[in-house]
Amino acid sequence: MTNTPSSASATTMSNNKPDVPVTPPASASAAAATSAPAPTTATTPPTSLLRTQHIAFIRNLDTRRDELEYWLTEHLRVNGIYWGVTALELLGARDALVPKDVVSFLMSCYNADDGGFGGFTGHDSHLLYTLSAIQVLVMYDRVDVLDRDKVVSFIAARQNPDGSFTGDQWGEVDARFSYCAVSALSLLGRFDAIDTDKAVEFVLACRNFDGGFGTVPGAESHAAMVFCCVGMLDILGRLDAIDTQALGWWLSERQLPCGGLNGRPEKLEDVCYSWWVLSSLAMLGKVDWINKTALVQFILSAQDTETGGIADRPGNLPDVFHTLFGLAGLSLLGDTTLGAIDPTYCMPREVIDRVRPKVAPRTAPAPPAEPKPAQRAP
Ligand code: GRG
């Protein structure tokens, strides 16, 4: 189940389907032979959730070892497991995989020398994979397999004096890594291992005049970074530090006429922003600030009726990354046939409810929902 998009590490995902000739029905062929107008080949986009197909799509991912993409995405395998396992939890289909085997593979990616997880067996440790591994172990209630102190020491060692985090020993700083560290420590109940005030200080330095957040101070606002920064502040009970009006506006302006959301101005819609934007709005109590019906239709139309799975946009090839974030978006939009998702942790709400009493609670409750003002702020 571990096939992943090669570009999910934050690069543009170009996965257009090749132009496959569509065989017209016999009657249409006959018509063409007599120089009649060409038959219409457009297919009707799906308008309901293809639950069974999505379960099969995720279950089959690990059987695609003869495909180049399977091996090109090897370095993201642990992330892929998190995306697939979480999607299956939302679909109520945990049994589609064998948890014992998943845990065994995850532990083969654990590096006992430093306490972190790599993206695949034998790969260097990184916060991105360490968080994903912890998330899956928490979902399966198997944190007992961890040497907690060792894992915590790997995460804590990533913090810099300015409060930022490096993903690994090589030093790249990114607000994503602040989220990974804080979320992971929250799930392990070990905030004491880092300087949380400095961590907040760094993330707030990534905030821009438009209310959004970038990867580092001065970087352009991007919806995925907004999720990371708002999520991290939410976990640490510091949502009060956010200008919720400005950020709410910036987030709601991500919706395009097609109903889908983009990640920043002048960019294309992408199903994954149904998560990065919507979860941020949910944490701010402003999900009503977008057109929910239009977004539901957009996500549903990006489902693949042949293979199952969800693509970045209608007509493109599906992958497990967009499948999770499409399903998670639908869950936030109120699809009660899916499990409820926690917008801060991107894990099933019942799991967070189970573990949160054991971790430092979020001190600031999410602000109450408020209607979007009728007029654009000056
Ligand atoms: C627990 C859900 C969860 C996440 C952990 C790793 C992480 C924290 C967040 C990753 C956020 C991220 C960088 C997502 C990638 C989003 C994406 C598709 C970016 C593509 O950016 P561009 O600039 O494409 O290539 P645009 O859409 O701007 O054209």
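Residues numbered from 1 in each chain as written. Predicted model: local features only at pLDDT ≥ 70, side-chain atom pairs only at ≥ 80, totals over all residues. Heavy atoms only, no water.

**A look at the overall build of the protein chain**
Check the secondary structure of the protein chain and you find 15 helices and four strands. Relative to its 378 residues, the protein chain shows a buried fraction of 55%. If you sum the accessible surface of the protein chain, you get close to 16,300 Å²; carbon and sulfur atoms cover 53% of it. (Helix = DSSP H or I, 4+ residues; strand = E, 2+ residues; numbered from the N terminus. Buried < 20%, exposed > 50% of the residue type's maximum accessible area, 1.4 Å probe, protein only. Areas by Shrake-Rupley, 256 points an atom, 1.4 Å probe, with all protein chains shown as cover.)

**Notes on the confidence of the model for the protein chain**
Parts of the prediction with low pLDDT should not have their coordinates interpreted in detail. Counting all residues, the mean pLDDT for the protein chain is 87, and 83% of those residues have values of 70 or more. Counting interchain partners and residues more than four positions distant, the pLDDT-below-50 stretch residues 1–40 has 64 contacts. (pLDDT = per-residue confidence, 0-100. Contact = heavy atoms within 4.5 Å.)

**Quick notes on the packing of helix 8 (residues 175–188) against helix 10 (residues 223–235)**
Their axes nearest at 9 Å, the elements helix 8 and helix 10 cross at an angle of 35 degrees. Crossing hand, helix 8 versus helix 10: left-handed. Contacts from A175, R176, S178, Y179, V182, S183 and S186 in helix 8 reach M225, F227, C228, C229, G231, M232 and I235 in helix 10. Split into classes, the residues belonging to the contact of helix 8 with helix 10 amount to nine nonpolar, four polar and one charged. (Axes fitted to C-alpha atoms, helices over the stretch in contact; angles between N-to-C directions. Left-handed = near helix turned anticlockwise from the far one by under 90°. Nonpolar A, V, L, I, M, F, W, Y, C, P; charged D, E, K, R; others polar.)

**Focus on the side chain of N262**
For N262, the position within the fold is in the loop between helix 11 (244–252) and helix 12 (273–283). Of note is the side chain of N262, whose polar atom sits 3.1 Å from the backbone oxygen of R264. A distance of 2.9 Å separates the side chain of N262 from the backbone oxygen of K267, its partner in a polar contact. (Polar contact = N/O pair within 3.5 Å; in protein donor to acceptor, adjacent residues only side chain to side chain.)

**Here we look at the packing of aromatic side chains**
All told, the structure shown has 10 aromatic pairs when counted by the stated rule. Pairing W83 with F321 gives two aromatic rings, centres 4.9 Å apart and planes at 80 degrees, and the pair type is edge-to-face. Placement of W83 in helix 4 (residues 77–90) and of F321 in helix 14 (residues 320–332) is noted, with a sequence separation of 238 residues between them. Its relative accessible area of 7% is what places W83 among the buried residues. Overall, F321 belongs to the buried group, its relative accessible area being 5%. A network of ring pairs unites the aromatic residues W83, Y179, F227, W275, W276, F321 and F325 as a single cluster. One residue, R254, lies across the ring of W250, its end atom 4.6 Å from the ring centre. (Phe/Tyr/Trp six-rings, centres within 6.5 Å; stacked < 30°, edge-to-face > 60°. Lys NZ or Arg CZ within 6 Å of the ring centre and 35° of its normal.)

**Looking at the nonpolar core**
F213 and W276 are the most contacted members of the largest nonpolar core, which has 113 residues in total. Of all the elements, helix 10 adds the most residues to this core, at 11 residues. Setting aside its immediate chain neighbours within four residues, W276 contacts A223, A224, F227, F321 and F325. (Core = buried A, V, L, I, M, F, W, Y, C linked by side-chain atoms within 4.5 Å.)

**Remarks on the pattern of salt bridges**
Summed over the entire model, instances satisfying the criterion amount to 13 salt bridges. Across the salt bridge formed by D240 and R238, the nearest N and O atoms sit 3.1 Å from each other. We note a salt bridge from K292 to D288, for which the minimum N-O separation is 3.0 Å. Under the relative-accessibility criterion, K292 is labelled partly exposed at 32%. Residues joined by salt bridges that share partners form a network here, namely D149, R190 and D192. (Salt bridge = Lys/Arg side-chain N within 4 Å of Asp/Glu carboxyl O.)

**Section: the environment of W275**
By the element assignment, W275 lies in helix 12. Accessibility expressed as a relative area gives 0% for W275, which makes it buried. Distance in space between the C-alpha atoms of W275 and L261 is 9.4 Å, their sequence separation being 14 residues. With residues up to four places along the chain from it excluded, the contact list for W275 reads F227, S280, F325, A328, G329, L332, I341, D342, P343 and C346.

**A word on the packing of helix 10 against helix 11**
For the pair helix 10 and helix 11, the least separation of the axes is 11 Å and the interaxial angle reads 145 degrees. The two elements helix 10 and helix 11 cross, and the hand of that crossing is left-handed. Within the contact between the two elements, helix 10 uses A223, V226 and V230 and helix 11 uses L247, W250 and L251. By residue class, the composition of the contact of helix 10 with helix 11 is six nonpolar, no polar and no charged.

**Description of the state of the cysteines**
Counting across every chain of the model gives zero disulfides. Unpaired in terms of disulfides, C228 finds its nearest cysteine sulfur in C229, a separation of 6.5 Å. (Disulfide = S-S within 2.5 Å.)

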